[in-house]
Amino acid sequence: MRIHRSYIVNLDKIQEVNKNKVILDAETYLPLGDNYKEMFNEYLQNKYIGK
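Residues numbered from 1 in each chain as written. Predicted model: local features only at pLDDT ≥ 70, side-chain atom pairs only at ≥ 80, totals over all residues. Heavy atoms only, no water.

K.L.:
Looking at this structure, I do not really get the sheet that holds strand 5 (residues 28–31). What am I missing?
P.N.:
Picture the strands of a sheet paired through backbone hydrogen bonds; they go either parallel or antiparallel. Taken together, 3 strands build an open sheet; the order of strands is 3-4-5 and the sheet is antiparallel. In this open sheet, the two edge strands, each paired with only one partner strand, are strand 3 (16–18) and strand 5. Across this sheet, the average inter-strand angle for adjacent strands is 25°, counted without regard to direction. In terms of strand pairing, strand 4 (residues 21–25) meets strand 5 through 4 bridges, oriented antiparallel. Bridging from a neighbouring strand, Lys 21 pairs with Pro 31 of strand 5. (Pairing = 2+ DSSP bridges. Helix = DSSP H or I, 4+ residues; strand = E, 2+ residues; numbered from the N terminus. Axes fitted to C-alpha atoms, helices over the stretch in contact; angles between N-to-C directions.)

Given below as structure tokens:
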């Protein structure tokens, strides 16, 4: 899924989401772009909260 203009991530590799950052591991923090935030949050709600 695209999370930023410069980044596409494998959703299975995401460890944590913290404000405007997506954390893949201890050394990899990626920004969450404003244009992609709504779609990403909808995915999280459907996958984890909507179960």
